[in-house]
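Given next are the chains, with one letter for each unit.
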Amino acid sequence: MVDKVIGGLDAEGLEQEFEISQLAEYLVVYLRILTSAELKNSAEFYQNFVDGITLEEFCQLEVEPMYKESDHVQIVAITAALDLTVRIVYMDRGLGANHDFPDVEGQTPSIHMLYRPGHYDILYPKQRTKSDN
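A short tour of the structure in this document, coming up. Not measured: the values here are computed from a predicted model. (Residues numbered from 1 in each chain as written. Predicted model: local features only at pLDDT ≥ 70, side-chain atom pairs only at ≥ 80, totals over all residues. Heavy atoms only, no water.)

**A few points about the overall build of the protein**
What the protein contains, in helices and strands, is six helices and four strands. Of the contacts formed within the protein by residues at least 6 apart in sequence, a portion of 45% connects residues at least 24 apart. Per element, the accessible surface of the protein, about 9,700 Å² overall, is 54% carbon and sulfur. (Helix = DSSP H or I, 4+ residues; strand = E, 2+ residues; numbered from the N terminus. Contact = heavy atoms within 4.5 Å. Areas by Shrake-Rupley, 256 points an atom, 1.4 Å probe, with all protein chains shown as cover.)

**Observations regarding the packing of helix 3 (residues 23-41) against helix 5 (residues 55-63)**
Relative to each other, helix 3 and helix 5 sit at 165°, their axes nearing to 10 Å. One element, helix 3, and the other, helix 5, form an angle in the roughly antiparallel class. For the pair helix 3 and helix 5, the crossing hand works out as right-handed. On the side of helix 3, the interface is formed by Arg 32, Thr 35, Ser 36, Leu 39 and Lys 40, while helix 5 contributes Leu 55, Glu 56, Phe 58, Cys 59, Glu 62 and Val 63. Classifying every residue of the contact of helix 3 with helix 5 by side-chain character gives five nonpolar, two polar and four charged. (Axes fitted to C-alpha atoms, helices over the stretch in contact; angles between N-to-C directions. Parallel < 35°, antiparallel > 145°, perpendicular 65-115°, else oblique. Left-handed = near helix turned anticlockwise from the far one by under 90°. Nonpolar A, V, L, I, M, F, W, Y, C, P; charged D, E, K, R; others polar.)

Keep in mind these values describe shape, not function.
What follows is the structure in structure tokens.
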């Protein structure tokens, strides 16, 4: 897929590839396994986020299966595994609130997402221009 994009595959073609080849589902499975591995590799830290079950059980029940919602602990784990910062804008908290994962002073998020109960969407922040000032 990377070769196709480098070769000039446009956004419409990329969307069709995801729909036809089920590549998107494979990527989701990969990210779920990566998240589970991060949780297990740092089990001493992450066990504090899980109540009533072991971290292994949590991964088997909530992280690895498809069509399970991701929550705070999974976001912390995947951002740690990929060494990136994600900003999540929450629309379920009245006026809205932002939270960066991880919350590191001065670090600019590379991915922005909108959380509505039960669903995340990718946000594309408006690039500021000189005329915006």
